[in-house]
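Residue-level structure breakdown
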Amino acid sequence: MSSSDIFIGETIGTAVLTLLGCGVVAGVLLKRSKAFDAGWLAITFGWGFAVLTGAYISAPLSGAHLNPAVTLGLAIEGGTEWSDVPVYFLGQITGAMIGAVLMWIAYVGHFRAHLTDREIVGGPGAQDTKTADAAQASDAGPVLGIFSTGPEIRNTAQNLATEIIATTVLVLAILTQGLNGEGKGLGVIGVLITALVVVGIGLSLGGPTGYAINPVRDLGPRIVHALLPLPNKGGSDWGYAWIPVVGPLLGGALAGGIYQIAFA
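Residues numbered from 1 in each chain as written. Predicted model: local features only at pLDDT ≥ 70, side-chain atom pairs only at ≥ 80, totals over all residues. Heavy atoms only, no water.

1. Thoughts on the packing of helix H4 (residues 85-106) against helix H11 (residues 215-227)
Heads up, the rule is: What counts as an axis is a line fitted to C-alpha atoms, over the stretch in contact for a helix, and the angles between N-to-C directions run from 0 to 180 degrees. Put simply, DSSP marks the helices as runs of H or I at least four residues long and the strands as runs of E at least two long, and each gets a number from the N terminus on. Should an angle fall under 35 degrees it is taken as roughly parallel, and over 145 as roughly antiparallel, whereas 65 to 115 is taken as roughly perpendicular and any remaining angle as oblique. Handedness of a crossing is defined here by the sense of rotation of the near helix relative to the far one, left-handed for an anticlockwise turn of less than a right angle and right-handed for a clockwise turn. In this description, contact between two residues means that some pair of their heavy atoms is separated by no more than 4.5 Å. Nonpolar residues are Ala, Val, Leu, Ile, Met, Phe, Trp, Tyr, Cys and Pro. Charged residues are Asp, Glu, Lys and Arg, and all others, Gly as well, are polar.
Taken N-terminus to C-terminus, the directions of H4 and H11 make an angle of 50°; their axes are 8 Å apart at the nearest point. One finds that H4 runs oblique with respect to H11. By crossing handedness, the relation of H4 to H11 is classed as right-handed. Here Gln92, Ile93, Ala96, Met97, Ala100 and Val101 of H4 come into contact with H11, specifically with Val216, Leu219, Gly220, Pro221, Ile223 and Val224. Grouping the amino acids of the contact of H4 with H11 by side-chain chemistry returns 10 nonpolar, 2 polar and no charged.

In structure tokens form, the structure reads like this:
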């Protein structure tokens, strides 16, 4: 794979992943959406399908990492050249930002309606809501959860540990796909298995932090949230932003190390 193939493939794949993943959250959380209040199952399966779609599209070009934690784990495992790692990272963050912008375009009217609703942003007749309380306590605006993750209980050690554990599971599942006596992988079926692993992680480990398990999936849309002209959008919670970046990277490195010790 050439550097241009890697960059283009990771940009397109991560953009699709972020568009569909953040899109399902927007559909569930924005008050005027037809999918409003569809719940956690919709979000977890939506993110799984987002991974599936983005990976299938980008696999022929870049191998469909779509996640710096995966790239790091593969580099430690030996399947990715270290010289290619910066190109993967650049394509991934670019794609994540593009995907977040596309999601905003698709829901722009709903964002405006949601963020001018007095029950959401305050004013005469406003109600005390969990979203408003969270915004006051953590500098997380009322729609930040559509773009990026945030903890239900703020505890730095626990939040970081949750992201490390969840990402280790993801990357180790990817590294060990199809191991057998002949050393053959699973091919395209591996994309489906990875998507199902993401669904499983969301259902089992997503409750504490919203399971970023991907630094650019969180950071790229958070940057976009900070830049977009959204009325009453509130803060981007930069005080928490390092956890969904550092945690997944540590988890990816840990998975690569476990692979080298136990499977190589």
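2. Side note on H11
How we decide: Here, expected helix span is obtained from the residue count minus one, scaled by 1.5 Å. Three labels apply to residues, based on accessible area from a 1.4 Å probe with only protein chains included: buried if under 20% of the type maximum, exposed if over 50%, partly exposed otherwise in between.
Between its first and last C-alpha atoms H11 spans 18 Å; for 13 residues at 1.5 Å apiece the expected length is 18 Å, and the two agree. Buried residues of H11: Pro215, Val216, Arg217, Asp218, Gly220, Pro221, Arg222, Val224 and His225, and no others. Tucked inside the fold, the buried residues of H11 contact helix H1 (3-29), helix H2 (40-62), helix H3 (68-77), H4, helix H8 (144-147) and helix H12 (243-262).

3. Quick look at the packing of aromatic side chains
Think of a pair of aromatic rings as described by two things: how far the centres are apart, and how the planes are tilted against each other in angle. Cut-off, in case you're wondering: Any Phe, Tyr or Trp ring, taking Trp's six-membered ring, that has another such ring centre within 6.5 Å forms a pair; planes under 30 degrees apart are called stacked, those over 60 apart edge-to-face, and the others tilted.
In total, this model carries 4 aromatic pairs according to the counting rule given. An angle of 70° between the planes, with centres 5.8 Å apart, marks the rings of tryptophan 40 and tyrosine 211 as edge-to-face. One end of the pair, tryptophan 40, is in helix H2; the other, tyrosine 211, is in the loop between helix H10 (189-205) and H11, with 171 residues separating them in the sequence. Taking relative accessible area as the criterion, tryptophan 40 reaches 36% and is therefore assigned partly exposed. Residue tyrosine 211 is classed as buried on the basis of its relative accessible area, which comes to 5%. Relative to phenylalanine 49, the ring of phenylalanine 45 has its centre 6.3 Å away and its plane inclined at 50°; by these criteria the two rings are tilted. Of this pair, phenylalanine 45 and phenylalanine 49 are both found in helix H2, 4 residues apart, which corresponds to roughly one turn of the helix.

4. A word on the nonpolar core
For the record, the criterion: Here, nonpolar core means buried Ala, Val, Leu, Ile, Met, Phe, Trp, Tyr and Cys residues that are tied together by side-chain atoms lying within 4.5 Å of each other.
Core analysis: the largest hydrophobic core is formed by 34 residues, its most contacted members being Trp47, Met103, Phe111, Val143, Ile146, Phe147 and Leu230. Of all the secondary structure elements, the ones that give two or more residues to this core are H1, H2, H4, helix H5 (108-115), H8, helix H9 (156-175) and H10. Core analysis: the second largest hydrophobic core is formed by 7 residues, Leu74, Val171, Leu175 and Ala255 among them.

5. Some remarks on the side chain of asparagine 159
Relative to the elements of secondary structure, asparagine 159 occurs in helix H9. Here asparagine 159 falls in the buried class, since its relative accessible area comes to 2%. When near neighbours in sequence (up to four residues on either side) are disregarded, asparagine 159 contacts Pro151, Ile153, Arg154, Thr209, Tyr240 and Ile243.

6. Let's talk about H2
An α-helix turns once per 3.6 residues; consequently, residues spaced three or four apart project the same way. End to end, H2 covers 31 Å across 23 residues, agreeing with the expected 33 Å (1.5 Å per residue, within 8%). Those residues of H2 that sit buried are Ile43, Thr44, Gly46, Trp47, Gly48, Ala50, Val51, Leu52, Gly54, Ala55, Ser58 and Ser62. Buried residues belonging to H2 abut H1, H4, H10 and H11. Looking one or two places after H2, you find glycine 63, whose phi comes out positive at around 85°.

7. Describing the confidence of the model for the protein
This is how it is decided: In predicted models, pLDDT denotes the confidence assigned by the predictor to each residue on a 0 to 100 scale.
In this model, the protein carries an average pLDDT of 91, and 90% of its residues clear a pLDDT of 70 or more. Here residues 125-136 is modelled with pLDDT under 50, and outside its nearest four sequence neighbours on either side it reaches 11 contacts, counting other chains as well. Contacts from residues 181-185, a stretch scored under 50 in pLDDT, to residues over four places away or in other chains number 4 contacts.

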